[in-house]
Amino acid sequence: MTTSLSNAYKDTNIHLNNIIPLDFGSVLQLPESHVWTDDDDSGQDRRGRVRTCLVRADAAASPPVIDLRAPDSAGLAGEACRRWGVFQVTNHEVPRDLVEDVEAHARRLFQLPADRKLRALRASNGVTGYGVARISPFFPKSMWHEGFTIMGSAMEHAKLLWPHHYQEFCDAMDKYQKKMKALAYKILLVILKALGVDEEDHDKLASSFLYQSDGALQLNSYPSCPNPSRAIGLAPHTDSLLLTILHQNDTDGLQIMQEGVGWVPIRPTPGALVVNIGDLMHILSNATFHNMYHRVVPNKTSHRFTMAYFYGPPADSVLAPLPKLPGPPRFRAITVKEYIGIKNKHLEKALSFIQT
Ligand SMILES: O=C(O)CCC(=O)C(=O)O
Ligand SMILES: [Fe+2]
């Protein structure tokens, strides 16, 4: 009997209960609490000093858009994971009207009055609910962002938001999570193939990460911002699990750090979904796949909405670099729960605690 992924998040040492999102509709100027300087995001000094808003790479090159039906999709995905830690996918078989429906529900949620949204605030030891980003306590300033996380059913929290009309929201979220889970599994197989793990190896691996991974859905809202060059939508971070699948509306904002280049934008491509590598896949790949370091910047005129699906193994799964890979293992074996615990204490330094 495995322990579900949500157990990895419960009881870990993170205290968000005193931090609540700003009532964005009620402010005309950027409050001091949300003004970031160059120093505010450098506490986690992983890849050199990261200037908050000012470095804009002239992205001559950017991560590829990969057709999942193309015969060489695994090869292309492997290349993208090694170089960028991210790519976009088309022909993913998630119906466009489902994506649009979920986005419309997210808009409806974030447009509710602040006091209504606060009724569904995420509990300090919970996963589902409304609130700030989980990385917020690591930074001295607040982000121009509000979120709603769902792991499993959203029913309990949706009832607090819409006591009589919660069902449609829940149905759409359930349907989307199911589609995301199937797609994430398919992409996991593509990525493993790119790492040299073929179908014959699957049974030998007999790993719970392969057969029992599950996900959490995160709805994100970045309202238009009165002074975007001094604000940050989501501070620089890596995602913790195996991979993330992101839908972004037609508003720019996501940027990835490319060493020696700077921040490279990942522009919305109509119909495509963004796939990025998280820390656990970085471990499995023995550090050959980048765990994409990314951030979101707000803008002055349009409201950015995104849906991020984080996919990872059950809490008690043990992960280690895949045995097939060349070279000595660069990380020790670790359970998902232990890794999430370390990440919740040390954020971007977490991997250094398990390096061999
Ligand atoms: O909203 C985005 O563009 C990125 C979201 C993200 O990085 C996250 O939720 O971890
Ligand atoms: Fe992220």
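Attention here is on the structure that accompanies the text. Just so you know, these numbers come straight off a predicted model, no measurement behind them.

### A word on the packing of aromatic side chains
Going through the model one piece at a time under the given rule, you end up with seven aromatic pairs. Seen in terms of ring centroids, Phe148 and Phe169 are 6.0 Å apart; in terms of plane orientation they differ by 85°. Their pairing is edge-to-face. Of this pair, Phe148 sits in strand β4 (residues 146–150) while Phe169 sits in helix α6 (residues 167–194), and the two are 21 residues apart along the sequence. Across the pair, Phe169 and Phe148 agree in class, each one buried. Grouping aromatic residues by their ring pairs yields a cluster made of Phe148, Trp162 and Phe169. Positioned over the ring face of Trp162 is Arg108, at 4.6 Å from the centre of the ring.

### Observations regarding the environment of Phe310
With respect to the secondary-structure elements, Phe310 resides in strand β12 (residues 304–312). Spatially, the C-alpha atoms of Phe310 and Gly25 are 29 Å apart, while their sequence positions differ by 285 residues. With residues near it in sequence (within four places) discarded, Phe310 still touches Asp214, Gly215, Ala216, Gln218, Asp239, Leu241, Leu243 and Thr244.

### A short note on the site of ligand 1
Around ligand 1 sit Asn220, Tyr222, Leu234, His237, Asp239, Leu246, Leu254, His294, Val296, Arg304, Thr306 and Phe310, and those are all the residues in its vicinity. Take Tyr222: an N or O atom from its side chain is 2.6 Å from an oxygen atom of ligand 1. Taking His237, its side chain carries an N or O atom lying 3.1 Å from an oxygen atom of ligand 1. Relative to its unbound accessible surface of 300 Å², ligand 1 loses 93% to contact with the protein. For the shell around ligand 1, the elements supplying multiple residues, two or more each, are β5 (214–222), β6 (234–237), β11 (294–296) and β12.

### Thoughts on the pairing of strand β8 (residues 254–258)
A regular strand places its side chains so that they alternate between the two faces of the sheet. The buried count for β8 comes to five of five residues, which makes it a mostly enclosed element. Residues Leu254, Ile256 and Gln258 line one face of β8 and the alternating positions Gln255 and Met257 line the opposite face, and both faces are buried. As judged from the four bridges shared by β8 and strand β9 (residues 262–265), these two strands associate in the antiparallel manner. By the bridge assignment for β9, Gln258 is matched with Gly262. The loop that links β8 with its antiparallel partner β9 comprises three residues; one of these, Gly260, has a positive phi angle of about 80°.

### Quick word on the packing of helix α2 (residues 73–83) against α6
Interaxial distance between α2 and α6 falls to 8 Å at its minimum, and their mutual angle equals 80°. When the interaxial angle is binned, α2 and α6 end up roughly perpendicular. Of the residues in α6, those in contact with Ser73, Ala74, Ala77, Gly78, Cys81 and Arg82 of α2 are Val190, Ile191, Lys193 and Ala194. Taken together, the residues that form the contact of α2 with α6 break down as six nonpolar, two polar and two charged.

What counts, and where the lines are drawn
Residues numbered from 1 in each chain as written. Chains lettered and ligands numbered in written order. Predicted model: local features only at pLDDT ≥ 70, side-chain atom pairs only at ≥ 80, totals over all residues. Heavy atoms only, no water. Phe/Tyr/Trp six-rings, centres within 6.5 Å; stacked < 30°, edge-to-face > 60°. Helix = DSSP H or I, 4+ residues; strand = E, 2+ residues; numbered from the N terminus. Buried < 20%, exposed > 50% of the residue type's maximum accessible area, 1.4 Å probe, protein only. Lys NZ or Arg CZ within 6 Å of the ring centre and 35° of its normal. Contact = heavy atoms within 4.5 Å. Near = heavy atom within 4 Å. Polar contact = N/O pair within 3.5 Å; in protein donor to acceptor, adjacent residues only side chain to side chain. Areas by Shrake-Rupley, 256 points an atom, 1.4 Å probe, with all protein chains shown as cover. Pairing = 2+ DSSP bridges. Axes fitted to C-alpha atoms, helices over the stretch in contact; angles between N-to-C directions. Parallel < 35°, antiparallel > 145°, perpendicular 65-115°, else oblique. Nonpolar A, V, L, I, M, F, W, Y, C, P; charged D, E, K, R; others polar.

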